[in-house]
Amino acid sequence: MTTPNPLLQVRDLRVAVGERTVLHSVSFDVQPGSLVVLMGANGSGKSTLGMALAGHPRYHATAGQALLAGQDLLPLPAHERAHAGLFVSFQAPPDVPGVKNNLFIRTALNAQHEARGQQPLDAFDFLASAKQAAKELGLPETLLGRPVNEGFSGGERKRNELLQLALLQPRLALLDEIDSGLDVDGVRAVVALVQRLRSAGTAFIVVSHYLQMIEQLQPDTVLRLDQGCIAESGGLELARSIARTGFARPPLQTLGVEA
Ligand SMILES: Nc1ncnc2c1ncn2[C@@H]1O[C@H](COP(=O)(O)OP(=O)(O)OP(=O)(O)O)[C@@H](O)[C@H]1O
Ligand SMILES: [Mg+2]
């Protein structure tokens, strides 16, 4: 059997936030359509990795590469990374006052259509698919007409990230603790949406601390981030072992560190 080319290749990525280097040398691959779970203690740099891949201006990639389908994302502005097929959800989704949720998502979607030379969606067609997606995610339709995240409950914010994911249908999605704050039905909705998008070809990096959802997602790979590097790589058994024993691990040199 031949191994396909990786969809994402992260190579020796170093990321600084202000003066401080948070990620020292992160390397791993994501295969097309696969699901990678990223674990690590609080403050180990998981969200930093997501923000650096997305192109957040406070997170500076100072060395390394992040190739999406062979194209290095790091020199690109954030919107071009999105056009290349990257989606990153926020651990704590911010408010965007004054910008209606449905207009926000439609504008993002149509910007991607335009970048790919496709026809824009008209408002009527978009609203119909947004309403359907909101229903499937258990989001009240009224949230489509409100400013992005303003006054949304914690779980509504997370479901609203999922709504964007469902409508944008990226090639690669990084979901940062999407399960925190979600009720049991919300976690089921995450698993169902991830399964649906995976079968349509989307690959995932899922950051989570909770074994229950990780088990349901059936990851191909589990990575553990520690001291600015991928310290361990394995399958579901690695997530189970972390859930059992915590993040205190044997020294790095005794482990296979290849991601
Ligand atoms: N904007 C920022 N300003 C200052 N420090 C930051 C910023 N973003 C991240 N850091 C620091 O970088 C380190 C890594 O933070 P990060 O949010 O990436 O951790 P995490 O692995 O996502 O943790 P958690 O599991 O708690 O979400 C932390 O020590 C954090 O304080
Ligand atoms: Mg985080």
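Residues numbered from 1 in each chain as written. Chains lettered and ligands numbered in written order. Predicted model: local features only at pLDDT ≥ 70, side-chain atom pairs only at ≥ 80, totals over all residues. Heavy atoms only, no water.

In this section: the pattern of salt bridges. Summed over all chains, the structure comprises 10 salt bridges. Across the pair Asp29 and Arg11 runs a salt bridge, and its minimum N-O distance is 2.8 Å. Of the two residues, Asp29 is situated in strand β2 (residues 20-30) and Arg11 in strand β1 (residues 8-17); the sequence distance between them amounts to 18 residues. On the accessibility criterion, Arg11 (29% relative accessible area) is partly exposed. Measuring nitrogen to oxygen at the nearest pair gives 3.6 Å for the salt bridge that ties Asp226 to Arg224. Linked through salt bridges whose partners overlap, the residues forming this network are Arg224, Asp226 and Glu232. (Salt bridge = Lys/Arg side-chain N within 4 Å of Asp/Glu carboxyl O. Helix = DSSP H or I, 4+ residues; strand = E, 2+ residues; numbered from the N terminus. Buried < 20%, exposed > 50% of the residue type's maximum accessible area, 1.4 Å probe, protein only.)

With that out of the way, let us pick up the coordination of the magnesium ion (ligand 2). Each protein donor to the magnesium ion (ligand 2) is listed here as Ser47 (OG) and Gln91 (OE1); together their distances run 2.0 to 2.1 Å. Of this pair, Ser47 sits in helix α1 (residues 46-54) while Gln91 sits in the loop between β6 (86-88) and β7 (96-100); the two residues are 44 residues apart in sequence, bridging distant segments of the chain. Residue Ser47 is classed as partly exposed on the basis of its relative accessible area of 24%. (Donors = N, O, S within 2.8 Å, 3.2 Å for Na, K, Ca; no water.)

Taken together, 16 residues sit near ligand 1, with Arg20, Gly43, Lys46, Thr48 and Tyr59 positioned nearest. A distance of 2.9 Å separates an oxygen atom of ligand 1 from a polar backbone atom of Gly45. Tyr59 is positioned such that a nitrogen or oxygen atom in its side chain is 2.8 Å from a nitrogen atom of ligand 1. Here ligand 1, which alone exposes 630 Å², has 69% of that area covered by the protein. At the level of secondary structure, the elements contributing two or more residues to the shell around ligand 1 comprise β2 and α1. (Near = heavy atom within 4 Å. Polar contact = N/O pair within 3.5 Å; in protein donor to acceptor, adjacent residues only side chain to side chain. Areas by Shrake-Rupley, 256 points an atom, 1.4 Å probe, with all protein chains shown as cover.)

This next bit is on the packing of helix α4 (residues 123-136) against helix α5 (residues 154-168). Between α4 and α5, whose axes approach to 10 Å, the crossing angle comes to 130 degrees. Relative to α5, the element α4 lies oblique. The interaxial crossing formed by α4 with α5 has right-handed handedness. Residue-level inspection shows Phe126, Ser129, Ala130, Ala133 and Ala134 of α4 in contact with α5, the latter providing Leu163, Ala166 and Leu167. By residue class, the composition of the contact of α4 with α5 is 7 nonpolar, 1 polar and no charged. (Axes fitted to C-alpha atoms, helices over the stretch in contact; angles between N-to-C directions. Parallel < 35°, antiparallel > 145°, perpendicular 65-115°, else oblique. Left-handed = near helix turned anticlockwise from the far one by under 90°. Contact = heavy atoms within 4.5 Å. Nonpolar A, V, L, I, M, F, W, Y, C, P; charged D, E, K, R; others polar.)

Looking at chain direction, β1 and β2 are connected through 7 bridges and run antiparallel. Within β2, the position partnered with Leu8 by the bridge is Val30. Once β1 ends, the chain turns through 2 residues before running back antiparallel as β2, passing Gly18 with a positive phi of about 60 degrees. (Pairing = 2+ DSSP bridges.)

Moving on: the domain arrangement of the chain. Domain boundaries assigned for the chain yield domain 1 (1-44 + 61-78 + 175-190 + 207-259) and domain 2 (93-170). Here the C-alpha centre of domain 2 lies 27 Å away from the C-alpha centre of domain 1. Across the contact, 12 residues belong to domain 1 and 7 residues belong to domain 2. Here domain 1 packs against domain 2, burying approximately 650 Å² in sum over the two surfaces, 66% of which is carbon and sulfur. Of all residues in domain 1, the largest losses of buried area upon contact with domain 2 belong to Ile178, Leu182 and Ala189, amounting jointly to 53% of the total for that side. In this assembly, domain 1 and domain 2 are joined by 1 salt bridge. A salt bridge links Arg159 to Asp183; the nearest nitrogen and oxygen atoms lie 2.7 Å apart. The interface formed by domain 1 and domain 2 includes 3 residue pairs in polar contact (both at pLDDT 80 or more). Of all the secondary-structure elements, those providing two or more residues to the side of domain 1 that touches domain 2 are β9 (172-176) and α6 (184-199). (Domains from an automatic or database assignment. Buried area = accessible area lost by both parts, 1.4 Å probe.)

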